[in-house]
Amino acid sequence: MTRIKSLRDEAGLSQADLAKELNVAQNTVSSWENGKRDPDTDTVKQLAAFFGVSTDYLLGATDKKNAPSEEDAGLSAEENELLELFRNASPALQDAALRVLETDQKKESS
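Rules used in this analysis
- Residues numbered from 1 in each chain as written.
- Predicted model: local features only at pLDDT ≥ 70, side-chain atom pairs only at ≥ 80, totals over all residues.
- Heavy atoms only, no water.
- Helix = DSSP H or I, 4+ residues; strand = E, 2+ residues; numbered from the N terminus.
- Rg over C-alpha atoms; globule rule 2.2 N^0.38 Å.
- Buried < 20%, exposed > 50% of the residue type's maximum accessible area, 1.4 Å probe, protein only.
- Contact = heavy atoms within 4.5 Å.
- Areas by Shrake-Rupley, 256 points an atom, 1.4 Å probe, with all protein chains shown as cover.
- Lys, Arg positive; Asp, Glu negative; His and termini not counted.
- Charge placed at Lys NZ, Arg CZ, Asp CG, Glu CD.
- Salt bridge = Lys/Arg side-chain N within 4 Å of Asp/Glu carboxyl O.
- Core = buried A, V, L, I, M, F, W, Y, C linked by side-chain atoms within 4.5 Å.
- Phe/Tyr/Trp six-rings, centres within 6.5 Å; stacked < 30°, edge-to-face > 60°.
- Lys NZ or Arg CZ within 6 Å of the ring centre and 35° of its normal.

What follows concerns the overall build of the protein. When helices and strands are tallied, the protein shows seven helices and zero strands. Expected size for 110 residues packed as a compact globule is a radius of gyration near 13 Å; at 19 Å, the protein overshoots this value by more than 25%. By the burial criterion, 24% of the 110 residues in the protein qualify as buried. Long-range pairs, those at least 24 residues apart, make up 42% of the contacts in the protein with a sequence separation of at least 6. Total accessible area on the protein is roughly 7,900 Å²; 49% of this is exposed by carbon and sulfur atoms. Charged side chains in the protein number 13 positive and 21 negative. The centres of these two groups are separated by 8 Å.

A separate point is the pattern of salt bridges. For the coordinates displayed, the defined rule picks out five salt bridges. Sharing partners across several salt bridges, the network here consists of Lys 5, Arg 8, Asp 9 and Glu 33.

Core analysis: the largest hydrophobic core is formed by 14 residues, its most contacted members being Leu 18, Leu 47 and Leu 58. For this core, the elements supplying multiple residues, two or more each, are α1 (2–10), α2 (15–22), α3 (26–33), α4 (41–51) and α5 (55–59). The element contributing the most residues to this core is α4, with four residues. If near-sequence neighbours (up to four positions away) are discounted, Leu 47 is found in contact with Ile 4, Leu 18, Leu 22, Trp 32, Pro 39 and Leu 58.

A word on the packing of aromatic side chains. Aromatic ring pairs are defined here through the distance separating the ring centres and the angle between the ring planes. For the structure on display, the rule yields one aromatic pair. We note Arg 3 situated over the ring of Tyr 57; from NZ or CZ to the ring centre the distance is 4.1 Å.

Take unusual backbone geometry next. Most peptide bonds take the trans form, and the phi angle of most residues other than glycine is negative. Phi is positive for Asn 23, close to 60 degrees, though the residue is something other than glycine. Among the secondary structure elements, Asn 23 is positioned in the loop between α2 and α3.

Below you can see the structure in the form of structure tokens.
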């Protein structure tokens, strides 16, 4: 999680400053930066949002700081709306929607 340290340094924040923003102890931030502990999933999302980077960048999966926007991905306005509705749906509703779409795809390919 060395990217946390570099992002924090770029932002001109101390470990204590970042800890206060995230409502964690300063030694927790230190443990992340030193690789002794990993932040949980929700904290990774919170860190990514705070620093304005993608979670993939924060986790070292990519060197691109920001994920491509839906516009960059070539999505239409209707696709963007569907994506937003899906993201805001409960996990149970997301699962049900995926099952419906998968069933429809199987019917079309038969």
